[in-house]
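# Report on the structure
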Amino acid sequence: MQEENGDGEEKYLEIKVGEGTKVGEGMGAYVVYKVDTKTNLPSFRKNTFSVHRRFSDFLGLHDKLNDKYLRTGRIIPPAPEKSVIGMTKIKMSGQNEQRSSCEFIERRRASLERYLQRTAAHSVLANDPDFREFLQSEGELPKATNTSALSGAGVMRLFNKVGETVNKITYKMDESDSWFEEKTQEIECLEAGMRKLHSSVECLVVARKELASYTGALAKTTAMLSNCEEHRLLASTLAHLNELEEKIEGLHYEQSNTDFSILCEMLKDYIALIGSVKCVFHERVKVYQNWQHSQLMLNKKREYKAKMELANRADKGNVAANEIIEWESKVERCEEEFTNISKMIKKEMERFEETRVREFKIIFIKYMERQMKHQQQLVEYWESFLPEAKSIV
């Protein structure tokens, strides 16, 4: 997050998540991450500070921000996804699984850093008390309840979420603002396109790894052939070809890592972020439902009051009159809430679009620069080998 205040001084909030460290052994083991922050925002106590946080702490932060801001129409950055399989492997990992465990921890570290940076880039969320406590408080934070196995209450929450999803699909509100209809269609198309692109990039990662593996097999074959070759120059050339193919093998692995770490992870992040956008739109539908329900109840109370007056039941008519006042107030509040969340969503979507275009530009340029570097290196490898191949007589 970077912005200027009235004095022209640039305000910043820079967050880095360090390498994860495994604590304990067996099923009781967990990973802690060092979170380093630098800032000159006046809402923070110091300019630099470091804390250690568990994955559950990040989920707890997301829950708090979601509870406070989703209802207002704010787009909350999605929490990093849980991985029961990945964490179980870390808990039970031995020496042989050390490499895969390190890769999982590094991927999670990167996703946690992106989550915090995305949150810090939002001017409102960056100054939230819970977010500041997460970055500054040196003590332990309350553990998020949704990181443990499903309890009875957890099962009920799951059913409620399923019910909300079904309700989201079946309920069709009378939309008076065409902007929301158009935006909803755009979001659906964007999500479908990103999922398709993400799937294609995943296939590309697998293909590059297979290419690297086959290149390694070719390197071993040329090494065996050079040992059997009696022609001195040809044997030497084959030996150097083996070294060249080994370098190319490593280059292909680097390319696959670039495909995954830059493109795959960005697309995965944005698919999750689009899910957060859809949650905000769904929240608006829920607010609309509350408004319509309140209006319906108000109409019923008015009808009931009219019936009581016709029946000369002044006592019940007075009670109904008081209830009408309450429901009129509820209708007014719900209408105001619906108007406010609609305005906020438009504002948040404008920010989302600007950020998305800027981030995609940065990512694609970075990706192309890496690919060009790999291709230039590949050309250099072959150019250095070509004169030796031509020298065979």
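Our structure is the block above this text.
Residues numbered from 1 in each chain as written. Predicted model: local features only at pLDDT ≥ 70, side-chain atom pairs only at ≥ 80, totals over all residues. Heavy atoms only, no water.

### A closer look at the pattern of salt bridges
- Applying the stated rule across the entire model yields 24 salt bridges.
- Among the salt bridges present, the one from Glu191 reaches Lys278, with a minimum N-O distance of 2.8 Å. Within this pair, whereas Glu191 is found in helix α7 (residues 178-228), its partner Lys278 is found in helix α8 (residues 232-310), the two being separated by 87 residues in sequence. The exposure classification of Glu191 matches that of Lys278, with both residues buried.
- Put simply, Arg71, Glu283, Lys286 and Glu337 are held in one network by salt bridges that share partners. (Salt bridge = Lys/Arg side-chain N within 4 Å of Asp/Glu carboxyl O. Helix = DSSP H or I, 4+ residues; strand = E, 2+ residues; numbered from the N terminus. Buried < 20%, exposed > 50% of the residue type's maximum accessible area, 1.4 Å probe, protein only.)

### Considerations on the nonpolar core
- Met349 and Phe352 are the most contacted members of the largest nonpolar core, which totals 37 residues.
- Elements that contribute at least two residues to this core include exactly α7, α8 and α9 (314-390).
- Per element, the largest residue contribution to this core is 17 residues, and it comes from α8.
- The residues touching Met349, leaving out its near neighbours within four places in the chain, are Ile75, Trp179, Lys183, Ile187, Val277 and Phe281.
- One finds Val17, Val51, Ile76 and Phe104 within the second-largest nonpolar core, a separate group that totals 29 residues. (Core = buried A, V, L, I, M, F, W, Y, C linked by side-chain atoms within 4.5 Å. Contact = heavy atoms within 4.5 Å.)

### Quick word on helix α5 (residues 129-136)
- Looking at α5, one finds that the buried residues are Asp130, Phe131, Phe134, Leu135 and Gln136.
- You can read the cap of α5 off the contacts: a side-chain oxygen lies 2.8 Å from the backbone nitrogen of Asp130, and it is on Asp128. (Polar contact = N/O pair within 3.5 Å; in protein donor to acceptor, adjacent residues only side chain to side chain.)

### What to know about the side chain of Ser276
- Mapping Ser276 onto the fold places it in helix α8.
- The buried category is assigned to Ser276, whose relative accessible area is 11%.
- The contact partners of Ser276, leaving out residues within four places of it in the chain, are Ile75, Ile76, Pro77 and Pro78.

Note that all results are geometric; they support no functional claim without further evidence.
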